[in-house]
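Architecture at a glance
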Amino acid sequence: MPPSLSAPASVSPSLRLSLSPAGRLHLQTGPAEAAEAAEAAEAHGALDAAVAERIRAAFAAGQGRGLLHLGAAEVDTPLEPSLAFFRELGRLYVTALCGVADVEEQRERVRVAVPAEALAELVASVPPMEGAEYLDAAVLERLLGEVEAAFQEEIRGFAGAVEEYFQAQSPLWSVVGRVHFHLAENKNDPDRPFAFLATYTARLSRRAQQGQARAQHLPLGQALEESSRTGNKQGLLALLVPVERAAARSALLKELFDSGELFHPLAWTAAEAYRFLQDVPAFEAAGVVVRVPDWWKARRPPRVTVQVRIGQEVPSRLGMDSLLDFQVGLAIDDGRGGGDGGGEAPLTPEEWRAVLDSTAGLTLIRGRWVEVDKDRLRELLEHWKKVKRAAGADGISLLEGLRLLAGASLGRGSDGAGPGAEEGAAQAEAVSWARVTAGDWLGEVLDQLKSPEGLAAADPGPDLQATLRPYQHLGVNWLFFLQRLGFGACLADDMGLGKTIQVLALLLALRRERMEVKAGPRAGSRARAKAQAAASAVLAPSLLVAPASLLGNWQAEIARFAPVLRTAVVHPSAAPPTQPAALGAWSPDAVAGLDLVLTSYGQLLRLGWLAEVTWDLVILDEAQAIKNPGAKQTRAVKALKSRARIALTGTPLENRLGDLWSLFDFLNPGLLGTATAFSRLAKRLGAGESPSYAPLRNLIRPYLLRRLKSDRRIISDLPDKTEVRAFCGLRPRQAALYQQSVEALAAQLRALPGEGIERRGAVLAFLLRFKQICNHPSQWLGDGSYAAADSGKLLRLQEIAEEIAARQEKVLVFTQFKEMTAPLATHLEAVFGRPGVILHGGTPVAERKRLVDRFQSDDAVPFFVLSVKAGGTGLNLTAAAHVVHFDRWWNPAVENQATDRAFRIGQKKNVLVHKFVCRGTVEEKIDALIEAKRGLAGELLEGGGEVLLTEMDNDEIVRLCSLDIHRALDEG
């Protein structure tokens, strides 16, 4: 475990914000993850109880009130990253409001606009937090509307002036007196090319014709005359409060104030103007309104920077260990930033000399003023020239280049380019005097990864027995492109968007491409077939590692969509005689010539030979299984050798820093550096008044593709309802009870006559018993324990629920047994961290509507457990995006009615239906039987699968109910 990502034994509860899929903010108490809480406590300190209570009270009055409070009243409070992030949104609004000259006249109807660029920059800087994947500029715009409504409501109830309101929130927002500092260019005087004037808002003058109020500015010197003439010293003192506050932060302003020059128009040299411009943030923070030329208004002015261009040419080899060329020079940077180009043409030799001879801090180049720090430029130029000499002809490492492009340099001690390279680069990043840009080759690669719509198509050919949706085509193309470069890829699509079929299409495309290359374009059909066979025999197989509970799903999907893939399952559930019964029979030689080998995370720890093979691809399903870097399972995964690596997950891992580091340490080892270096980076990004995680997100963005079901571009391409089988194993205790029950059924059938109601009753009773054992041994035994470790279904439900919880979505869980509703709810509450609701036959009729209303309207209610009989009809539960059939009614009509509680008029989300089936048991066999008969008349299935069984003879019944121990047993 990375030292700084581990948590102490006890972590104090913290206050944090999360964002729901609907874009609502929720204030939560207590750490989501102990590690993140420890990080926050170390970086920002403990939150004072009084502050926490103020924040809670504000959000209790509405999220607009809460955001306004953060932005207006908690401007100096050390806050946890999610609170600090949304404080910045509130501050943007208040800052814009303070810039309105006639705000008092408009106080209850004032409208301000926050620049779209500022919102985009804020989105890019979102910290790791629950729901960050749902954040975009549109969400921030809507939240700003709520902040504005909250301000108008508060100011209507405030007796004083707007200035007094902000003074009451925080002295930093004081705008008493409306003092303005103006700096303008004076092109008529080359020696003193700038003019300065301090003014104040004396009054609001109303223009008679338009009826509009305008601020009337007078020179600040007139305020002295006015005070002397009228004797209004209190008014003058109030006017100068922000100026005095600013003078305490600015040596220049103190000089002007003490000498009296502040009260007169001034002509300035470029050096004097530069001193003033550097102090603009201090003036604005004190409440002084500053007007400066447009070229300085951006967050960063134009300046001459050291420009480092990386990856102009195609490297000699591809992969994360590639070495890239780079060049160093000076250029004007317009402040738009980014690591993928921009800026202007390099400076000419004459411009170089002018820059390095400058003493003013501002230099006129190409007709405009730019910022210059010649000493820093000399230092950085020398640093990068040393780096270039140290790298020699080989160039800089791709890993280091990518980090520098993203602005996520890891600091001293990582594997940077040459001795001391990262330390100098980190310093350059800190003061923004060096800019790293991507050359033609690297820029094109990164553009394609970030916007994969233009990638060349990867063709799985006719061997794919399915039609891919457009977004799935894009995903396959993206995976194909990344693996060709030798880069690791994380496909993080929402559950139900088809990660499995995209991987199968990729494997088929790779198989097709390699066979065609080996066969050659001119080979005849017989020669081509022979060459293809030879090619496939020497291709290294790919390895897919998944939780044992998902291996059955993968087998079913391969059989359905890609049956041509030659596949082996290296797991006890692999059924003989098609594969060796003993795992010891497998070896590197035994898998040669296969396309894909499937195994579980547990088997990696038991079968050492898996780490001896150099696989083509290593693919992890449910990749959050390696989130703990210190676990044996994680170390076993990272010991695997391959040409490229792929991770599949529906959980937003980039919202938890420890998980993110471990995942990328598998995908692209070294990209995020060592755990210690990454921890330093995370602390640096999260430090300061307005932390920004944009560099980290920019660094991982090319290798992570995530599509959400809520994305309008995706949902328009989805069916309204997607049904999937969730195959589950049996735990040892379940398997033993099941086998005993099969033997008891066979004995009873032998003792009963061939027909009659007694025989039929016995068959139905045993089918019920099998269902109960498949659910949980405690349901059959009645011992009340319901330990999750004893039920393969509960473990599978936990896996699914964890992903649903990470997405903050809602789920309906159906069971036909009233006695299972409470254990299911208890288990789900532990996963979601909060209770849901339960409905069964014993629920009072008057209570049903209240439960439905709670589930539909309350974001804090994550699940609804229902018995099929009580909740299968008559309810409208469209808040759910998932439906789980924990046990099967074995009647498609009844199951569809239950599913339609979520999938009905008013549902705006794609509904994902998970049908639980225990492998190797009667559940799997009846499911297959019903699926085969689904095309028949509905009345044939109205009685459910149980009726079909009662019509069979004894041998058929026992055979159907028998246990396939190899398929059923869940051994990890």
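One structure accompanies this document, and this report is about it. (Residues numbered from 1 in each chain as written. Predicted model: local features only at pLDDT ≥ 70, side-chain atom pairs only at ≥ 80, totals over all residues. Heavy atoms only, no water.)

**Re the sheet that holds strand 22 (residues 721-728)**
Taken in spatial order, the six strands make up an open sheet running 22-27-26-23-25-24, and their pairing is parallel. Looking at which strands have only one partner, the edges of the open sheet turn out to be strand 22 and strand 24 (837-839). Averaged over all adjacent pairs, the angle separating strand axes in this sheet is 20 degrees, with direction ignored. Of the strand pairs in this sheet, strand 22 and strand 27 (residues 911-918) are connected by eight bridges, and their pairing is parallel. Bridging from a neighbouring strand, Cys728 pairs with Cys918 of strand 27. (Pairing = 2+ DSSP bridges. Helix = DSSP H or I, 4+ residues; strand = E, 2+ residues; numbered from the N terminus. Axes fitted to C-alpha atoms, helices over the stretch in contact; angles between N-to-C directions.)

**Comments concerning the nonpolar core**
With 124 residues, the main nonpolar core has Val304, Leu442 and Trp615 as its most contacted residues. Top element by residues in this core is helix 19 (residues 499-519). It accounts for nine residues. Discounting residues that sit within four places of it in the chain, Leu442 has contacts with Ile310, Gly311, Leu324, Leu398, Leu402 and Leu405. One finds Tyr738, Val742, Leu824 and Val922 within the second-largest nonpolar core, a separate group that totals 49 residues. (Core = buried A, V, L, I, M, F, W, Y, C linked by side-chain atoms within 4.5 Å. Buried < 20%, exposed > 50% of the residue type's maximum accessible area, 1.4 Å probe, protein only. Contact = heavy atoms within 4.5 Å.)

**Section: unusual backbone geometry**
You will see that Tyr786, though not glycine, has its phi angle at about 50 degrees, which is positive. Following the sequence through the fold, Tyr786 ends up in the loop between helix 31 (777-781) and helix 32 (792-806). For Gln808, which is not a glycine, the phi torsion comes out positive at approximately 60 degrees. Mapped onto the elements, Gln808 comes out in the loop between helix 32 and strand 23 (811-815). The exposure class assigned to Gln808 is buried, which follows from its relative accessible area of 14%.

**Concerning the pairing of strand 16 (residues 542-546)**
Burial analysis of strand 16 places five of its five residues in the buried class, the great majority of the element. Where burial is concerned, the two faces of strand 16 agree: the one with Ser542, Leu544 and Ala546 and the one with Leu543 and Val545 are both buried. By the bridge criterion, five bridges tie strand 16 to strand 18 (residues 596-600) in an arrangement that is parallel. By the bridge assignment for strand 18, Leu543 is matched with Val597. Both strand 16 and strand 19 (residues 614-620) contribute to a ladder of three bridges, which runs parallel. Bridging from a neighbouring strand, Leu544 pairs with Ile619 of strand 19.

**Details of the pattern of salt bridges**
When charged atoms on two side chains of opposite charge get close, those side chains can pair. If you walk through the whole model with that rule in mind, you get 35 salt bridges. For Asp440, the salt bridge identified is with Arg309, shortest N-O distance 3.4 Å. Here Asp440, found in helix 17 (residues 440-450), pairs with Arg309, found in strand 8 (residues 303-310); they are 131 residues apart in sequence, far enough to count as distant. When its relative accessible area of 46% is taken as the criterion, Asp440 is described as partly exposed. In this structure Arg309 comes out as partly exposed when scored by relative accessible area, which is 31%. A single network of salt bridges, built from pairs that share partners, joins Glu723, Arg725, Arg888, Glu895, Lys915 and Asp927. (Salt bridge = Lys/Arg side-chain N within 4 Å of Asp/Glu carboxyl O.)

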